[in-house]
Amino acid sequence: MGPAGLGFQEILLIGLLLLIFVRPEEIPSIFRRLGRIWAKAYYYYTLAKRELRNMEKEIGIEEEMKEIRAINARMRSEIANFDKAVEKTSRDGSDARTNKTEDNSKEN
């Protein structure tokens, strides 16, 4: 995955659309504007995040929030492991079905 969760195909499609609908000399200014917008959004995101952390300290729930974040991280890890196991199982199952089909066709 690339930036913002976009894959290679999505980025390629965006690039092709830019070339079709935008004059080539305007592309750098468009990317500059997008960069500025991204920087402002990131700035406000970090500002809000910092403010929430400060509020946690003031209220006195900082330790509880750390525990919740740790549990959240463990859950995400377990979900990712589960997804990998399901994918592997389905891949192994489809391989087994393919082998059975090939064996049946050889018998006939």
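Scoring rules and cut-offs
Residues numbered from 1 in each chain as written. Predicted model: local features only at pLDDT ≥ 70, side-chain atom pairs only at ≥ 80, totals over all residues. Heavy atoms only, no water. Helix = DSSP H or I, 4+ residues; strand = E, 2+ residues; numbered from the N terminus. Buried < 20%, exposed > 50% of the residue type's maximum accessible area, 1.4 Å probe, protein only. Areas by Shrake-Rupley, 256 points an atom, 1.4 Å probe, with all protein chains shown as cover. pLDDT = per-residue confidence, 0-100. Expected span 1.5 Å × (residues − 1). Polar contact = N/O pair within 3.5 Å; in protein donor to acceptor, adjacent residues only side chain to side chain. Contact = heavy atoms within 4.5 Å. Patch = residues over 30% accessible without salt bridge, like charges linked within 9 Å, V, L, I, M, F, W, Y side chains within 5 Å. Salt bridge = Lys/Arg side-chain N within 4 Å of Asp/Glu carboxyl O.

So, about the overall build of the chain. Of the regular secondary structure elements, the chain holds 3 helices and 0 strands. Across the 108 residues in the chain, those meeting the buried criterion constitute 5%. Split by element, the accessible area of the chain, about 9900 Å² in all, is 61% carbon and sulfur.

Moving on, we get to the confidence of the model for the chain. Residue-level pLDDT values for the chain average 85, and 83% of them are 70 or greater. Model confidence for the chain, summarised as mean pLDDT per element, is weakest for helix α3 (residues 62-107) at 81 and strongest for helix α2 (residues 27-59) at 92.

Another point: α2. Here α2 contains 33 residues, and its C-alpha end-to-end distance of 48 Å stays within 8% of the 48 Å for a straight helix at 1.5 Å per residue. Looking at the residues trailing α2, positive phi occurs at glycine 60, about 95 degrees.

This brings us to the side chain of glutamate 56. Relative to the helices and strands, glutamate 56 is located in helix α2. Among the polar contacts listed, one links the side chain of glutamate 56 to the side chain of arginine 69, at a separation of 2.7 Å. Discounting chain neighbours no more than four positions away, the residues touching glutamate 56 are Ile61, Glu62, Met65 and Arg69.

Quick look at a nonpolar patch on the surface now. A cluster of nonpolar residues, Phe8, Leu12, Leu16 and Leu19, forms a patch on the protein surface that exposes about 450 Å² of accessible area. With respect to the helices, strands and loops of the structure, leucine 19 is situated in helix α1 (residues 8-21).

A few words on the pattern of salt bridges. A full pass over the atoms with the stated rule returns 6 salt bridges. As a salt-bridge pair, arginine 23 and glutamate 25 come within 3.7 Å of each other at their nearest N and O atoms. Salt-bridge contacts for arginine 91 lead to glutamate 87; the nearest nitrogen and oxygen are separated by 3.3 Å. A residue pair is termed a helical-turn pair when its members lie 3 or 4 positions apart in one helix, as arginine 91 and glutamate 87 do in helix α3 at 4 residues. Residue class for arginine 91 comes out partly exposed when judged on its relative accessible area of 44%.

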